[in-house]
Amino acid sequence: MGIPRALLVLCIATAFLSLGPRGSLGRRHLHKRQQSHGRRGNGGHRLQSPVDSPADPPAAGTSTTATPSNSTSDSCAFDVRSFGAVGDGVTDDTEAFRSAWRAACSVESATLLVPSDGVFMITSTIFSGPCQPGLVFQVDGVVMPPDGPKCWPKSDSKHQWLVFYQLEGMTLRGEGTIEGNGEDWWSLPCKPHRGPHGSTLTGPCDSPVLIRFFMSCNLTVRDLRIENSPQFHIKFDACEDVHIEGLSINSPAFSPNTDGVHIENTRSVTIYNSMISNGDDCISIGPGCSDVDIQNVTCGPGHGISIGSLGMHNSEACVSNVSVKNAVIRNSDNGVRIKTWQGGMGSVSDISFDTVYMENVRNCIIIDQYYCSNKGYCQNQSSAVYVSGVTYDNIKGTYDVRSPPMHFACSDTLPCTNITMSEVELLPHEGELVDDPFCWNAYGVMRTVTIPPIPCLQDGQPESLQEIPNLGC
């Protein structure tokens, strides 16, 4: 019996040693090459790079110097506290965030984690790529910039705070808040009506965009609360394939230039199931944008959903294939708006506003081709952005009687054409019915009777526009 037992022990030991130490193999990463982006977006506008030069990303196949103490190769979570972040709302945690980013950027399917039990103050930072695929920036706590212009480091850009640059396949999400601390920025005397006796003083008036995505693609931003931005809350510039969902964006109605979501030179964008209240446009669509789908968005207070402004400083602007559906706009200065400057070039085409409910909105439906942000200082010019193919279907609700609910002010030289009205029913929120809509050089068709009636919309095509001009789009 002694010999078989010895053989049994020897066999077990040999089998155990043949397995080798678990976890001895390094994790394999897919080094996906970053898709190149052109330096010009749609519409011919030269793009401006972030003010600060982005840090060089880690080379493929190299490891970072910092390793989070609480992450494993399975979880791939890089908690900013493991890199030295304090999260007390006072300490400058910028370097900890930058270190966590460098570590997460080099690992496939990594998550940079901002934990829920902290308030993290960081200064202006560019999070640059390219990074490994599947990167998630998870904000479960509070992230905020320095408190106002007096606390802003002099060496930092005042044009932007958080910049995500040259990334592919990144997600920004979380259950936390990105707080803008914008109140002191809004009160600068150069802001509209913030000077002495309600004046607007001249001079430098830079205020940072809170979040900017630049030259990136295949992006997802979802489920965050973003509030009180000094200027635009979130901006996409020269991006492609952007999905936005479940955002809550908030700033007071009196906060100037605080657009909720702004896109320019960006295509293939979806904005779904979000609530935005602010002091400027709920969503603004700038030049060079196409294939934009907006659904189930609630706006207000604010300035509504805007295409534009376009054509400023005689520039070319091209916007096409924009759809807004199942939206609610409340207590806003405008509803659905297209605004262009005199002297511009290009076109706005294939625009659909479908099933939009208005509540106490001035200028519910507006095309303004005489837009001027500084009234009295804009010269009359003959060239214009050509507006054609705009459909308004099932637009209902109530309007503020201080302005007509429908306003089509089209260019003298390039009329608006192919405007379609169907199931438009707008009644006064308070007071008497305003049955005097404004039209100038606007052509289209009414599929159904509108309330109020709009007899000033001219049928057919203008004789002056025998053929579509060369628009450059």
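The rules behind each value
- Within every chain, residues take consecutive numbers counted from 1 along the sequence as written.
- A pLDDT threshold of at least 70 governs which residues receive local features in this predicted model, and a stricter bar of 80 or more applies before side-chain atom pairs are shown or counted, although totals over entire chains, interfaces and linings include all residues.
- Side-chain descriptors were evaluated using all non-hydrogen atoms of the structure, hydrogens and water having been removed beforehand.
- By the criteria applied, helices consist of DSSP H or I runs no shorter than four residues and strands consist of E runs no shorter than two, each listed in order from the N terminus.
- Burial status follows relative accessibility: with a 1.4 Å probe on protein chains alone, a residue under 20% of its type maximum counts as buried, one over 50% as exposed, and anything between as partly exposed.
- Residue contacts are defined here by distance: any two heavy atoms, one from each residue, within 4.5 Å place the two residues in contact.
- Every accessible area reported is derived by Shrake-Rupley at a probe size of 1.4 Å, with residue values counting cover from the shown protein chains alone.
- Between 30 and 60 degrees the pair is tilted, below 30 it is stacked and above 60 it is edge-to-face, where a pair is any two Phe, Tyr or Trp rings, Trp via its six-membered ring, whose centres lie within 6.5 Å.
- Pairs of N or O atoms within 3.5 Å make up the polar contacts considered here, provided that, within protein, one atom can donate a hydrogen while the other can accept it, and that residues adjacent in sequence are counted only when both atoms are side-chain atoms.
- A strand pair is defined by DSSP finding two or more bridges across the two strands.
- Angles run from 0 to 180 degrees between N-to-C directions of axes, and those axes are lines fitted to C-alpha atoms, restricted for helices to the stretch in contact.
- Working definition of a nonpolar core: buried Ala, Val, Leu, Ile, Met, Phe, Trp, Tyr and Cys residues. They are joined through side-chain atoms within 4.5 Å.
- UniProt positions are given in the numbering used here, feature names are shortened, and annotations may be inferred rather than shown by experiment.
- The term disulfide is used for any two cysteine sulfur atoms that are within 2.5 Å.

## Let's talk about the overall build of the protein
- When you go through the protein residue by residue, the secondary structure sums to 3 helices and 31 strands.
- Burial statistics for the protein: of 473 residues in total, 51% are counted as buried.
- Within the protein, contacts between residues at least 6 apart in sequence are counted, and of these 75% link residues at least 24 apart.
- On the protein, roughly 21,800 Å² of surface is accessible, and the fraction owed to carbon and sulfur atoms is 50%.

## A word on the packing of aromatic side chains
- According to the stated counting rule, one finds 15 aromatic pairs in the structure shown.
- With 5.8 Å between their ring centres and 65° between their planes, Phe97 and Phe120 make a pair best called edge-to-face. Residue Phe97 is found in helix 2 (residues 94-105), and its partner Phe120 is found in strand 4 (residues 119-121); the two are separated by 23 residues along the sequence.
- Residue Phe97 is classed as buried on the basis of its relative accessible area of 1%.
- Assessed through its relative accessible area of 0%, Phe120 is described here as buried.

## Observations concerning the environment of Glu359
- Within the element layout of this structure, Glu359 appears in strand 24 (residues 345-361).
- Along the primary structure Glu359 and Val328 are separated by 31 residues, whereas in three dimensions their C-alpha atoms are 7.9 Å apart.
- Setting aside residues no more than four positions away along its own chain, Glu359 makes contact with Ile329, Arg330, Asn331 and Thr398.
- Here the side chain of Glu359 touches Arg330 through a polar contact of 3.2 Å, side chain to side chain.

## Brief notes about the sheet that holds strand 5 (residues 125-128)
- The sheet built from 11 strands is open, its strands ordered 5-8-11-14-17-19-21-23-25-27-29 with parallel pairing. Strands with a single pairing partner mark the edges of an open sheet, and in this sheet they are strand 5 and strand 29 (438-440). Taking each pair of neighbouring strands and ignoring which way they run, the sheet shows an average axis angle of 15°.
- Sheet analysis places strand 21 (residues 305-310) next to strand 23 (residues 336-340), joined by 4 bridges and oriented parallel. Following the sheet pairing, Ser306 is matched in strand 23 by Arg337.
- Across the sheet, helix 2 touches strand 5 and strand 8 (160-165), and the angle it forms with strand 5 is around 5°.

## Details of the nonpolar core
- Grouped together as the largest cluster of nonpolar side chains are 99 residues, with contacts concentrated most on Trp101, Phe137, Phe164, Phe213, Phe236, Ile365 and Tyr392.
- For this core, the element with the highest residue contribution is helix 2, accounting for 7 residues.
- If sequence neighbours within four positions are ignored, Phe236 has contacts with Phe213, Leu219, Val221, Val242, Ile244, Val261, His262, Ile263, Glu264 and Thr266.
- Formed by 6 residues, the second largest nonpolar core is a distinct cluster that contains Ile126, Val163, Tyr165 and Phe214.

## Some points on unusual backbone geometry
- A cis amide bond links Gly300 to the next residue, Pro301, at an omega of 0°.
- One can find Pro301 in the loop between strand 20 (289-299) and strand 21.
- A cis amide bond links Ile451 to the next residue, Pro452, at an omega of -5°.
- Inspection of the secondary structure assignment puts Pro452 in the loop between strand 30 (442-446) and strand 31 (458-459).
- Positive phi values are uncommon outside glycine, yet Asn181 reaches one of about 50°.
- Relative to the helices and strands, Asn181 resides in the loop between strand 10 (177-179) and helix 3 (183-186).
- Among the residues examined, Asn181 registers a relative accessible area of 16% and is labelled buried.
- Phi at Asp223 takes a positive value of approximately 65°, unusual for a residue other than glycine.

## A short note on the UniProt feature "active site" (unreviewed entry) in the protein
- Under the UniProt annotation, "active site" (unreviewed entry) lies at His303.
- By the secondary structure assignment, His303 is in the loop between strand 20 and strand 21.
- Overall, the relative accessible area of 21% leaves His303 in the partly exposed class.
- If near-sequence neighbours (up to four positions away) are discounted, His303 is found in contact with Gly279, Asp280, Asp281, Asp333, Asn334 and Arg337.

## Quick look at the environment of Met358
- Position of Met358 relative to the elements: it lies in strand 24.
- Along the chain, Met358 and Asn334 lie 24 residues apart, while their C-alpha atoms are 9.7 Å from each other.
- Leave out the neighbours within four places in its chain, and Met358 touches Ile329, Gly335, Val336, Cys364, Ile395, Lys396, Gly397, Thr398 and Leu426.

## A few points about the state of the cysteines
- Under the counting rule described, the total for this entry stands at 7 disulfides.
- The side chain of Cys105 participates in a disulfide bridge whose partner is Cys131; the two sulfur atoms lie 2.1 Å from each other. Judged by the sign of its S-S torsion, about -100°, the cystine formed by Cys105 and Cys131 is left-handed. Of the two residues, Cys105 sits in helix 2 while Cys131 sits in the loop between strand 5 and strand 6 (136-139), which places them 26 residues apart along the sequence.
- The class of Cys105 is buried, set by a relative accessible area of 3%.
- Residue classification places Cys131 among the buried positions, given a relative accessible area of 14%.
- Covalent S-S linkage joins Cys372 and Cys378, the inter-sulfur distance amounting to 1.9 Å. Negative torsions about the S-S bond denote left-handed disulfides, and the value of about 80° found for Cys372 with Cys378 makes this one right-handed.
- Between Cys239, a free cysteine, and Cys217, which holds the nearest cysteine sulfur, the sulfur-to-sulfur gap is 8.4 Å.

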